[in-house]
Amino acid sequence: MKQDATRNAAYTVDCEDYVHVVEFNPFESGDSGNLIAYGGSNYVVIGTCTFQEEEADVDGIQYKTLRTFQHGVRVDGIAWSPETRLDSLPPIIKFCTSAADMKIRLFTSDLQDKNEYKILEGHSDFINGLVFEPKEGQELASVSDDHTCRIWNLEGMQTAHFVLHSPGMSVCWHPEETFKLMVAEKNGTIRFYDLLAQQAILSLESEQMPLMSAHWCLKNTFKVGAVAGNDWLIWDITRSRYFLSIFICCLLKKALLLNDPLSHSCIPEPHCRAKISLSCRGTSATAFHITEIDAHALQIYFESNPERTMQRKKS
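Small disclaimer: the values here were computed from a predicted structure and weren't measured. (Residues numbered from 1 in each chain as written. Predicted model: local features only at pLDDT ≥ 70, side-chain atom pairs only at ≥ 80, totals over all residues. Heavy atoms only, no water.)

Caption draft 1: Spotlight on the sheet that holds strand β4 (residues 61-70). An order of β1-β2-β3-β4 is seen for the four strands of this open sheet, with the pairing classed as antiparallel. Two strands bound the open sheet, and with one partner strand each, they are β1 (21-24) and β4. The mean inter-strand angle of the sheet, taken between neighbouring strand axes irrespective of direction, is 20 degrees. Sheet analysis places strand β2 (residues 34-39) next to strand β3 (residues 43-51), joined by six bridges and oriented antiparallel. Opposite Leu35, over in β3, you have Thr48 as the bridge partner. (Pairing = 2+ DSSP bridges. Helix = DSSP H or I, 4+ residues; strand = E, 2+ residues; numbered from the N terminus. Axes fitted to C-alpha atoms, helices over the stretch in contact; angles between N-to-C directions.)

Caption draft 2: Just unusual backbone geometry, in detail. In the segment running from Leu89 into Pro90, the intervening peptide bond is cis, with an omega of -5 degrees. Looking at where Pro90 falls in the secondary structure, it is placed in the loop between β5 (75-80) and β6 (93-99). The linkage connecting Met209 with the following residue, Pro210, adopts the cis geometry, with an omega of -5 degrees. Locating Pro210 in the fold gives a position in the loop between β16 (199-205) and β17 (211-216). Backbone geometry at His147 places phi at a positive 65 degrees, although glycine is not the residue there. The phi angle at Gln198 is positive, at roughly 55 degrees, despite the residue not being glycine. Positionally, Gln198 belongs in the loop between β15 (189-194) and β16. You can call Gln198 partly exposed: its relative accessible area is 41%. (Buried < 20%, exposed > 50% of the residue type's maximum accessible area, 1.4 Å probe, protein only.)

Caption draft 3: Quick look at the side chain of Thr50. Here Thr50 shows up in strand β3. Setting aside residues up to four positions removed in sequence, Thr50 forms contacts with Gly33, Glu55, Val58, Gly60, Ile61 and Gln62. (Contact = heavy atoms within 4.5 Å.)

Caption draft 4: Highlighting the sheet that holds strand β13 (residues 168-173). Spatially, β13-β14-β15-β16 is the arrangement adopted by the four strands of the open sheet, whose pairing is antiparallel. This sheet does not close on itself; its edge strands, each paired only once, are β13 and β16. Across this sheet, the average inter-strand angle for adjacent strands is 20 degrees, counted without regard to direction. When strand β14 (residues 180-185) meets β15, the two strands line up antiparallel, connected through five bridges.

This is the structure we're talking about:
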């Protein structure tokens, strides 16, 4: 995809110093404006942006600074908490930062007298990604060049710690099921973790390096996108071998519940065009045969049977 080199920014907000990172709040905050945070060499600024496309009486962009937080060290990353609300009394501003000193800072403010932060220590190298759990915001995850992914509670305690095979570049929670976490590693691997079992349950390979970031598709979480090397990649995880093996195991288990001692066959749902036949002796399967596997049907099957998805499987 070619980029128009002559295209200019639609809007510009002047800042007093260098800006290293900027992040819009992805959650509903109860205000018509868009919360934005940007970080510089030793500060974080929280503000609101309203665009002319959203408000008829706004000419271009209307920006307002709400609070400037002193940070003391260069800000490398910012993540918003879903607990942030501007329509509460008092307002709640909650976000965290990663910094050049390899520490995480958790900020809480009411935009009045309460302005607190807590330091989370544990990483031994630069932190490349951090994110809040998107439903309640009671945990956050971080990945680092120290080959670890760490889960923290709001008290600053680590609740989980995963050792990676290369630097962790990005991390994100499943948008709907908060016990699932996805970590992108620099070596080209995307790994999915079950936080209840605290173990990896699936991995994807980009076969390109460096892998810089990855994310779920918010409207269809069977799709995963990533940037690796010079390419933009998309996976359909229903087509992965591991996903298919879980599907087969579900069918095997269901087929063996039948009473025919010689052979079993089952079609799990009328709309799922997948059939498995087994050759059995007693209750032991000696061979199985699969026909008419359809990737779209697999997706429909697992969406209608969430308890059987590979994400819920615990080894």
